[in-house]
Structure formats: C-alpha cells, structure tokens
Amino acid sequence: MSIKNLLEKRRSVRHYDPSYTISPEIIVSLIESASKSPNGNNIQATRYLIIDDPNVRQLLLPIAFNQNQVKEASTLIVMLGDYQAFDKDNIIKIHEEGFQAGYFNTTLRDYLANAAINYYANKSHEDLKLELIRDVSLASMSLILLANEAGFETITMSGYDSKQLKEALNISERYLDVLLIAIGKGTTAGHKTVRHNVNKVIYKNQIL
Ligand SMILES: Cc1cc2nc3c(=O)[nH]c(=O)nc-3n(C[C@H](O)[C@H](O)[C@H](O)COP(=O)(O)O)c2cc1C
C-alpha cells in the first residue's frame, strides 16, 4: 500500500486481540527499518524498549490510566531517547563507522563529527530534550507506518505517568521517555477523526 493510502487508512486503535502474537523477528525487522529514519547528525539516539512480559504489562496498566491496549496489544514499545548519544565518543564512533563502511573519506568524517560535536556543545538540557523528542518522534511515525503496512494496528500513547513508568521499568535519567506505541491485531476499528481543512494549517512566509 502506498504511504498516502496507509496514512488515509490509519486510525488509533484502542482494542486488541490479546491472544494474537507478533513474532520477535517481525518486531525487530520493523524496528530495523524505523531506525533508518532521519535523525539529527545521525547520532542515533532512539531506543526501543519492548515490554513483552505480561506481569510488567499488568504493572503498567494503572500507570497508563488503565488504557487496555497496554495489556491487550501484541507488542508494547516504550520509545526512548538516550542522552548519552550526545557524548563526543558516540559521535566520533558513528562517523568512524561511516568511514570504515566506505561511505565517506576522512575529510568528511572529521568535518561531520566536529560539526555534530560543536552543534551539541553549548546546548542546555532543555535543548537536548527537544533534540531527542524530534528524533524519537520521527522514528515513532516510521514504526507506526511500517506496522500498518505489515497489517497491524497501532496506537501512540502519552497518557501515562512518566515518573511512575520510569520507576516501574527502572529507566534511569539517562533516557527520556517520549511515548508508548502499542502494536497488534485490532478487534474494534478506531473511530474516524476529523482534520482541519488543509488551507487552515498552511501559512506562507509568515504566521498570520
Ligand atoms: C503524542 C500522542 C499521544 C497520544 N496519547 C494517547 C493516549 O494516551 N491514549 C489514546 O487513547 N490516544 C492517544 N493518542 C491518539 C490520539 O488521540 C489520536 O492520534 C488522535 O485523536 C487522532 O486520531 P487518529 O490517530 O485515529 O487519526 C495519542 C497521539 C499522540 C500523537
């Protein structure tokens, strides 16, 4: 199905068949493709925490305000950003890998690595948080579309208590939890939703 059709047909689905399983290989393959999404300076900060233990899912249910999809969907993924991705060592390593793979020469390797290091050098924690949200969000949308293309339904969730979720899953301050994605076989179609007329959301040259 074309991207356009996937986007036209996609709905947030809130009821799933709890007996339906998606193989770990399929999930890994979806994530592998999602990881090809654009990301700032290719520092690859997005992390995918797969929650497949039913007991942990049960634990997360009240933390996610009893949204049943947390328990019923085949797969639940906590989409995280890793603050350590901004470390100089990571940036140098990634660009060295690109050089070793033959994708660029040493001049471009050093230029790209230094540009990335300088770009993050003076950023505040809030700035870095925004960088993570950008990267994780783009990867999330890719994952959603890939899951839809593979015949699954999805829902994005920010409806959970972040502090409690981090405690329950032992997620340290190294990571930013951006959102949850549930993937599975829907049992009830997601309700249709309206969108603004496109002319209402487009501005030209200045916001009026
Ligand atoms: C960042 C984000 C967080 C969301 N959190 C929730 C959520 O916690 N629970 C829920 O039922 N839907 C959640 N949604 C789904 C939205 O309500 C839904 O995308 C919107 O109403 C448009 O409907 P559609 O996705 O079916 O087109 C979330 C969507 C986004 C993008």
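On a predicted model such as this, the values are computed, not experimentally measured, just so you know. (Residues numbered from 1 in each chain as written. Predicted model: local features only at pLDDT ≥ 70, side-chain atom pairs only at ≥ 80, totals over all residues. Heavy atoms only, no water.)

In the structure shown here, the tally under the stated rule is four aromatic pairs. Summarising the aromatic geometry, the rings of Tyr-83 and Phe-86 are spaced 6.5 Å apart at their centres and angled 50° between planes, so their arrangement reads as tilted. The class for Tyr-83 is buried, based on a relative accessible area of 13%. Taking relative accessible area as the criterion, Phe-86 reaches 11% and is therefore assigned buried. Taken together through their ring pairs, the aromatic side chains of Tyr-83, Phe-86, Tyr-119 and Tyr-120 make up a single cluster. The ring of Phe-99 has Arg-109 sitting right over it, with the charged end atom 5.0 Å from the ring centre. Against the face of Tyr-119 rests Lys-123, its NZ or CZ located 4.2 Å from the ring centre. (Phe/Tyr/Trp six-rings, centres within 6.5 Å; stacked < 30°, edge-to-face > 60°. Buried < 20%, exposed > 50% of the residue type's maximum accessible area, 1.4 Å probe, protein only. Lys NZ or Arg CZ within 6 Å of the ring centre and 35° of its normal.)

This part takes up the pattern of salt bridges. Counted according to the given criterion, the structure contains nine salt bridges. Between Lys-163 and Glu-167 there is a salt bridge, with its nearest N and O atoms 3.6 Å apart. With Lys-163 and Glu-167 both in helix 8 (residues 162–168) and four residues apart, this pair spans about one turn of that helix. For Lys-163, a relative accessible area of 61% translates into the label exposed. Judged by its relative accessible area of 56%, Glu-167 is exposed. Residues participating in the shared-partner salt-bridge network are Arg-47, Asp-82 and Arg-174. (Salt bridge = Lys/Arg side-chain N within 4 Å of Asp/Glu carboxyl O. Helix = DSSP H or I, 4+ residues; strand = E, 2+ residues; numbered from the N terminus.)

Glancing now at the UniProt feature "domain: Nitroreductase" (unreviewed entry) in the protein chain. The UniProt feature table records "domain: Nitroreductase" (unreviewed entry) at residues 8–185. Span residues 8–185 is 49% helix and 16% strand, its end C-alpha atoms 18 Å apart. (UniProt positions renumbered as here; feature names shortened; annotations may be inferred.)

Sheet architecture is open: four strands sit in the order 1-2-4-3, paired in antiparallel fashion. This sheet does not close on itself; its edge strands, each paired only once, are strand 1 (46–51) and strand 3 (153–157). Mean inter-strand twist for the sheet, computed between neighbouring axes without regard to direction, equals 25°. Bridge analysis of strand 2 (residues 75–82) against strand 4 (residues 175–184) gives eight bridges, and the strand direction is antiparallel. Across the sheet, residue Thr-75 finds its bridge partner in strand 4, namely Ile-183. Along the sheet face, helix 2 (residues 24–34) touches strand 1 and strand 2 and points at about 165° away from the line of strand 1. Contacting strand 1, strand 2, strand 3 and strand 4, helix 7 (residues 125–149) crosses the sheet at an angle of about 10° to strand 4. (Pairing = 2+ DSSP bridges. Axes fitted to C-alpha atoms, helices over the stretch in contact; angles between N-to-C directions. Contact = heavy atoms within 4.5 Å.)

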